[in-house]
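Summary of the model geometry
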Amino acid sequence: MVKEDVIKKIESITHPKVRNIVRVCVEQGCRFKPHPSNPNLVNLFDPARRKNIIGDINPSSPRGYFTLEVENGRFKSFRNEIIGLDIDQAGFEESVLKRLKR
C-alpha cells in the first residue's frame, strides 16, 4: 500500500503522463529521493536495482520534465536526440516504462 504522503507527492506532479509513469513505478516499489543539489527536483529510486531510474523530475513543469539513464550511466532528458521520446505521442508512457524495465 502506498503511503498518503507519497500519494500527495505523486498527485503534485503537474503533467498527467509523468504522473502516471511515476505512479506505476511507485506501485512497483520505487521511492522518491530528494535531488542532491536542486530542492525543486526529485529522483525516483529503485531499491531492487539500488539506483535512480528516473532523475530530475520537475513536479511543477507543465511540459513534463525528467531524465532517463543512457548507456554510459549518465542521465539525459527524454527529449534528447539519443533517447528520442516525444511526450505528445500516444505511446509515450508505454515507451518509457518499457525502457525502464531493461
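What comes next is a walk through the structure.

Conventions adopted
Residues numbered from 1 in each chain as written. Predicted model: local features only at pLDDT ≥ 70, side-chain atom pairs only at ≥ 80, totals over all residues. Heavy atoms only, no water. Helix = DSSP H or I, 4+ residues; strand = E, 2+ residues; numbered from the N terminus. Buried < 20%, exposed > 50% of the residue type's maximum accessible area, 1.4 Å probe, protein only. Arc of directions from axis to C-beta. Contact = heavy atoms within 4.5 Å.

The next thing to look at is unusual backbone geometry. Phi at R50 is positive, roughly 55°, even though this residue is not glycine. The residue R50 is located in the loop between β2 (42-46) and β3 (51-57) in this model. With phi around 50°, D56 is a residue other than glycine that occupies positive phi space. You can see D56 is positioned in strand β3. Here D56 falls in the partly exposed class, since its relative accessible area comes to 21%.

Glancing now at helix α3 (residues 92-101). When α3 is considered as a whole, its buried residues turn out to be F92, V96, R99 and L100. Seen end-on, α3 carries its buried residues on one side only, within an arc spanning 100°. When the buried face of α3 is taken as reference, the exposed residues oriented beyond 90 degrees from it are E94, K98 and K101. Structurally, α3 contributes buried residues whose contacts are with α2 (16-27), β3 and β4 (67-69).

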